[in-house]
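Coordinate inspection notes
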Amino acid sequence: MTLTTDHSRAVADGAHSHGAVKPEGSRAERRTSFSLDDIPVPHGREEEWRFSPADRLQPLFQAGLGASGITVQVTPAPEVTVETVGRDDARLGTAGKPGDRTAVTAWNAFEQATVVTVPAEAVATGVTSVRIDGVAEDASAAHVLVRAERHSQAVVVLDHAGDATLTETVEIVVEDGAHLTVVSVQDWADGAVHASSHRARLGRDAKLKHVVVTFGGDVVRITPDAEFTATGGEVEMVGLYFADTDQHQEHRLFVDHAVPDCRSRVTYKGALQGSGAHTVWVGDVLIRANAENTDTYELNRNLVLTDGARADSVPNLEIETGEIAGAGHASATGRFDDEQLFYLQARGIPEIEARRLVVRGFFAELIHEIGVPEVEERLLASIEAELEKSMSVITGAPAEAPTA
Amino acid sequence: MPTLEIRDLHVSVETKEGPKPILRGVDLTIASGETHAIMGPNGSGKSTLASALAGHPKYTVTSGTVTLDGEDLLAMTVDERARAGLFLAMQYPVEVSGVSVANFLRTAKTAIDGQAPALRTWGKEVRGAMENLRMDPAFAERSVNEGFSGGEKKRHEILQMELFKPRFAILDETDSGLDVDALRIVSEGVNRAKENTEVGVLLITHYTRILRYIKPDFVHVFVDGKIAEEGGPELADRLEEEGYDKYVGAGAVSA
Ligand SMILES: Nc1ncnc2c1ncn2[C@@H]1O[C@H](COP(=O)(O)OP(=O)(O)OP(=O)(O)O)[C@@H](O)[C@H]1O
Ligand SMILES: [Mg+2]
């Protein structure tokens, strides 16, 4: 049995529309390769680039990128080891192949990779922090590998800040029985352009919590892939984004249920404000013919705070077997509700505080799901800062009351 | 003595076809401690009056004045009106997901009083008020109005009236959708607020049954955007028997 769903383009400018666009073939047939020749520079109309500002990503489509634009600094938990290795290291390239142009240029350009290893059986007592700082405008490539060896446990937080033009690979290997949390925060300064291919492979009974948080930068495009290689695996993908005026934030994830008895949960939520704010969420989940007893659910919700912002949301669930435990998806894009604002203000709460309450409320449950207190606190602070920063945008262009 | 004074109030609502006049000269004075009931047919403008007083952006005051204790209410923003002592228990309270009742109540109380309520006494006060309204303590942790039944929403509105201690409260059909027990419980809440704070009440209703619990000092018949007749509590009984026919006829002629 094959069942494909594609809810395309929940665009919320004025009315909520829900058109249908046919997916360009199955995710199973999408080309992946380590070779630049196999994945050419896109012209922009390809399925995986159709929402993206290809012109702004041009520098990252080129071969031969350097590494002078960024610095990488790791502060490991005591149990965790860090190495810098050459591209010939055999551990690299084991978490799957690049699936698009920026991923393949990243793979072919890096000279040195950062390898973070959580040794077998080790339980990290603190957070391991990886800082990637943009220091110059040179288009650059970076490669980070996070390995959780069997039955280990750890939390690794990647922080992206400063101004950079960066294509990045984050390989994530979760061996049998390991529990790993990887958080990637994109808190870039204005002007940054960032493409990042996260590729995760999970062993037997392995658990990965994958968290993506995107606030800053001009263009951020993250493509997390997760592949199950043995039974009992579990992946929880959580994403939170907040796009301002003229920011493009794109998250395209792919969960590959290639084996039986695995579970995936995907929850992404985003807020948008200001004209030209554009977010894209594409959630591809593939349940292959032999992936019996799969349990999957994916959800994307967007809150459009002002006019002129646009959220595209495309959940895409492909099911090739009838023997599944559960499979579902949901996608909703709504405008900021002026009736909520009125209700809160009618209780004496000033407008800015009322908006803050509503937006925090929108993200609240998701933030608690992250389960890393340091990250949760920072997130709340970042959300406040976003709201503070753009109150002028909000009050200058109030959202229309939804027609009942 | 604080009063809420409405003078010759004309209000239009924004529609796609342009502004549509709804209120056509409302005159009403409510002194603190008084309870005024407003009764009138569907669509006569009762909720419009309530919303306009609270400052809902959909409604535009085209002429007239409203003062609260001499202050120009119409010059204030929605939240300023609430902080000045006006409270509106809504006909259809709004859901705010992800915001707990406890957080909401504390935030609103802090805004209205201009300072955070004392931690220890506030918790007690909230729990006590919820108990009085037979609200399960678990409601404190639920999102505001989310998944509340119609009756639970109304209790939550009156809970706020008791906790925020407004000077004037407008209750827009707080009684509709309540079963007999809930009606009594909610009415007791309003009466407690009246006893404890001398709040002036404007009670919008279709039914006299709530007036058996909450005794009005005055009853106003609202027809076609203005008050067509006023009287004492006995007027409510007459309306129940006779309906609005004679007013609606008159309204239709003048319209
Ligand atoms: N947004 C709007 N667009 C068009 N007409 C409106 C709008 N809002 C209110 N009205 C009209 O204004 C009139 C008064 O409505 P209102 O809700 O104030 O009546 P009400 O007296 O509260 O009625 P009910 O007893 O049914 O609650 C109605 O005819 C209604 O249709
Ligand atoms: Mg009404």
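Residues numbered from 1 in each chain as written. Chains lettered and ligands numbered in written order. Predicted model: local features only at pLDDT ≥ 70, side-chain atom pairs only at ≥ 80, totals over all residues. Heavy atoms only, no water.

On to the interface of chain B and chain A, then. Between chain B and chain A, the residue contacts involve 34 residues of the former and 20 residues of the latter. Buried surface at the junction of chain B and chain A, summed over both partners, amounts to about 2000 Å²; 67% is from carbon and sulfur atoms. For the interface between chain B and chain A, the tally reads one salt bridge. Two residues, Glu 157 of chain B and Arg 347 of chain A, come together in a salt bridge whose shortest N-O distance is 2.6 Å. The interface formed by chain B and chain A holds ten residue pairs in polar contact (both at pLDDT 80 or more) in total. The set of elements that each furnish at least two residues to the side of chain B that touches chain A consists of helix 1 (46–54), helix 2 (78–83), strand 6 (86–89), strand 7 (96–100), helix 3 (101–113) and helix 5 (150–164) of chain B. Here the side of chain B that touches chain A takes six residues from helix 3 of chain B, the largest share from any one element. Split into classes, the residues belonging to the side of chain B that touches chain A amount to 19 nonpolar, ten polar and five charged. (Contact = heavy atoms within 4.5 Å. Buried area = accessible area lost by both parts, 1.4 Å probe. Salt bridge = Lys/Arg side-chain N within 4 Å of Asp/Glu carboxyl O. Polar contact = N/O pair within 3.5 Å; in protein donor to acceptor, adjacent residues only side chain to side chain. Helix = DSSP H or I, 4+ residues; strand = E, 2+ residues; numbered from the N terminus. Nonpolar A, V, L, I, M, F, W, Y, C, P; charged D, E, K, R; others polar.)

Residue and element names in this part refer to chain B. Position of Ser 100 among the secondary structure elements: in strand 7. Within the structure, the side chain of Ser 100 is placed 3.1 Å from the backbone nitrogen of Asn 103, a separation counted as a polar contact. Aside from chain neighbours lying at most four places away, what touches Ser 100 is Ala 140, Glu 141, Arg 142, Ser 143 and Val 144.

Below, the discussion takes up the domain arrangement of chain A. How big an interface is tends to be expressed through the accessible area that disappears when the partners come together. All names here are of chain A. Taken domain by domain, chain A comprises domain 1 (3–337) and domain 2 (338–404). Once you take the C-alpha centre of each, domain 1 and domain 2 turn out to be 26 Å apart. At the junction of the two partners, domain 1 supplies 35 residues and domain 2 supplies 32 residues. Across the interface of domain 1 and domain 2, roughly 2800 Å² is buried in total on both sides, 66% from carbon and sulfur atoms. Ranking the residues of domain 1 by area buried against domain 2 places Leu 240, Phe 336 and Asp 337 at the top, with a combined share of 25%. (Domains from an automatic or database assignment.)

Okay, unusual backbone geometry next. Negative phi characterises most residues that are not glycine, and trans characterises most peptide bonds. All names here are of chain A. Even without a glycine there, the phi angle at His 151 is positive, about 60°. Mapped onto the secondary structure, His 151 falls in the loop between strand 8 (139–148) and strand 9 (153–162). Take His 151: its relative accessible area is 43%, and that puts it in the partly exposed class. One non-glycine residue, Asp 246, lies in the positive phi region at around 65°. (Buried < 20%, exposed > 50% of the residue type's maximum accessible area, 1.4 Å probe, protein only.)

Moving on to the coordination of the magnesium ion (ligand 2). Looking at the magnesium ion (ligand 2), one finds its protein donor set to be Ser 47 of chain B (OG) and Gln 91 of chain B (OE1), positioned 2.0 to 2.4 Å from the metal centre. In this pair, Ser 47 of chain B is assigned in helix 1 and Gln 91 of chain B in the loop between strand 6 and strand 7, connecting sequence segments 44 residues apart. (Donors = N, O, S within 2.8 Å, 3.2 Å for Na, K, Ca; no water.)

Residue and element names in this part refer to chain B. In the vicinity of ligand 1 lie 18 residues, with Gly 43, Lys 46, Ser 47, Thr 48 and His 206 positioned nearest. Between ligand 1 and Ser 47 there is a distance of 2.8 Å, counted from an oxygen atom to a backbone nitrogen or oxygen. Taking Gln 91, its side chain carries an N or O atom lying 3.4 Å from an oxygen atom of ligand 1. Computed on the free molecule, ligand 1 has an accessible area of 640 Å², of which 69% lies beneath the protein chains in the complex. Put simply, the parts of the chain that give the shell around ligand 1 at least two residues each are strand 1 (3–15), strand 2 (18–31) and helix 1. (Near = heavy atom within 4 Å. Areas by Shrake-Rupley, 256 points an atom, 1.4 Å probe, with all protein chains shown as cover.)

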